[in-house]
Amino acid sequence: MTYLLTGARLLGGDPCDILIDGAHIAEVGAPGEVDGGRAARVDAGGLVALPGLVDLHTHLREPGREDAETVGSGTAAAALGGYTAVHAMANTSPVADTAGVVEQVWRLGQEAGHCDVRPVGAVTAGLKGTQLAELGAMADSAARVRVFSDDGVCVSDAVLMRRALEYVKAFDGVIAQHAQEPRLTEGAQMNEGEVSGRLGLAGWPAVAEEAIIARDCLLAAHVGSRLHVCHVSTAGSVEIIRWAKSKGWDVTAEVTPHHLLLTDARAESSPAGPYNPIYKVNPPLRTAADVRALREALADGTIDCVATDHAPHPVEDKETEWPAAAMGMIGLETALSVVQEAMVETGLLDWAGVADRMSVRPARIGRVAGHGAALRAGAPANVTLVDPSARAEVDPSGFASRSRNTPYVGMTLPGRVVATFLRGRPTVSEGKLT
């Protein structure tokens, strides 16, 4: 099919017409100057055109927890959120620690067709932290794994972390670390601070994250390998990453939408009252000062990208008392709106900056070919059209995700994904799955 997107604001700039022919962009020009011939017209007046979004950190739960999410439902949610590629984390059942499992997830993504699925391979066998998983076999598999993570648990053994960093150099891989010193977080329930003290919940100190990040930056520099830091949540972590980058070390980092918008105060004073486990997440929501530091770091490039850490859970795992509740929030269908609220509406990022942090950089870090490219003639037609003027109340009953554990329920957020194109094929049209 051929499509002519008329009047789109490329990266929020002046209106233009974009001609999509097959899997590629054929031409970009001023309104009325692109000859679309018999192309199907898409009125994109007032819409912002972005390269398809790329998520480095998604939990699709399949295989093993299809009650929470499947590759099909999770990638449908991704497409509705403007994503054309997602990285599926390894903490499934069985764990994605072999070529066979990552190829299964990759093929499920191909069959679903909503967006590209890049499996993340486990760093250690069974996520147990005792021996390396089959990193080379996963890299050589049909899934072509390049990102490895034990996300959900930390690779706390320094020797094992060093070996993993050394191993992935052979195929330009990256270790994505869940930075959480286990001894410092035993029994931890929420951010350690005034709120945890008042609620009587065991505190999760910032230093538990910062100590691992500092150690791993040094290890990555020592062996000359790539390190990616998952879901940065503290101001101290930002300073450590800024220092590592100033040294020229190959360290990248991500922040989640929820850590850009919400604070630990939600555990005490949410609309549903205190102790609402919808706000229980790993790493925990931090203080307002941490949120400010994270926003500034994303704006100045210290933090490279936004990653959703989309973590679906069935109702029975979240609607229980706080200590027993599962940690995690869904985010694929709200991420772009939260970033608009936290970063664009505050003047910290323009739409070109959003494209850089949510498409260009994550595609580069994950080595995702064909994604994150500038929208110009000859580029793959991975395109997201967003209505920045729309505002709507978050209602999870209409989500494509199988789970409903969003912390934004009832909040009014800006922006709406109107259309998503995956290699020239619309996966979302007029805000609905095609």
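Each residue is numbered by its place in its chain's sequence as written, counting from 1. Where local features are concerned, this predicted model is filtered to residues with pLDDT of at least 70; where side-chain atom pairs are given and counted, the filter is 80 or more; whole-chain, interface and lining totals use all residues. For the side-chain quantities, the full set of heavy atoms in the structure was used; hydrogens and water were omitted.

1. Quick look at the sheet that holds strand β7 (residues 83–88)
Strand pairing is assigned whenever DSSP detects at least two bridges linking the two strands. Secondary structure elements are taken from DSSP: a helix is a run of H or I of four residues or more, a strand is a run of E of two residues or more, and numbering for both begins at the N terminus. The three strands are arranged β6-β7-β8 in an open sheet whose pairing can be described as parallel. Strand pairing shows two members of the sheet lacking a second neighbour, β6 (53–58) and β8 (116–119), which therefore form its edges. This sheet shows a mean twist of 20° between the axes of neighbouring strands, independent of strand direction. One ladder, built from four bridges, connects β7 with β8; its direction is parallel. Each bridged residue has a counterpart across the sheet, and for H87 the counterpart in β8 is R118. Interaxial angle, 0 to 180 degrees, is taken between N-to-C directions of lines fitted to C-alpha atoms, where a helix line uses only the stretch in contact.

2. Regarding the UniProt feature "binding site: Zn(2+) 1" (unreviewed entry) in the protein chain
In this numbering, the UniProt entry assigns the feature "binding site: Zn(2+) 1" (unreviewed entry) to H57, H59, D151 and D309. Their sequence span is 253 residues, while the largest C-alpha to C-alpha distance among them is just 9.7 Å; these annotated residues converge on one region. Here H57 shows up in strand β6. Accessibility expressed as a relative area gives 0% for H57, which makes it buried. The contacts of H57, once residues within four sequence positions are left out, are H87, M89, D151, C230, H231, E254, A307, T308, D309 and H310. Within the structure, H57 has its side chain in polar contact with the side chain of D151 (distance 2.8 Å). Mapped onto the fold, D309 is located in the loop between β15 (305–306) and α11 (315–318). By relative accessible area, D309 is classed as buried at 5%. Whether two residues are in contact is decided by their heavy atoms: any pair within 4.5 Å suffices. Excluding anything up to four places from it in sequence, D309 contacts H57, H59, D151, H231, T256, H258, N282 and M329. UniProt positions are given in the numbering used here, feature names are shortened, and annotations may be inferred rather than shown by experiment. Buried means the residue's accessible area, taken with a 1.4 Å probe over protein chains only, is under 20% of the maximum for its type, while exposed means over 50%, and partly exposed covers the values in between. Here a polar contact is recorded for every N or O atom pair within 3.5 Å, except that within protein the pair must consist of a potential hydrogen donor and a potential acceptor, and residues adjacent in sequence are included only if both atoms are side-chain atoms.

3. As for the packing of helix α6 (residues 206–223) against helix α7 (residues 235–246)
One way to put it is that α6 packs onto α7 with a least axis distance of 9 Å and a crossing angle of 10°. The pairing of α6 with α7 is recorded here as roughly parallel in orientation. Contact with α6, carried on its side by E209, E210, I213, A214, C217 and L218, involves G236, S237, I240, I241, W243 and A244 of α7 and no other residues of that element. A breakdown of the residues in the contact of α6 with α7 according to their chemical character gives eight nonpolar, two polar and two charged. An angle counts as roughly parallel when it lies under 35 degrees, as roughly antiparallel when it exceeds 145, as roughly perpendicular when it falls between 65 and 115, and as oblique in every other case. Gly counts as polar in this scheme, as do all residues outside two lists: the nonpolar Ala, Val, Leu, Ile, Met, Phe, Trp, Tyr, Cys and Pro, and the charged Asp, Glu, Lys and Arg.

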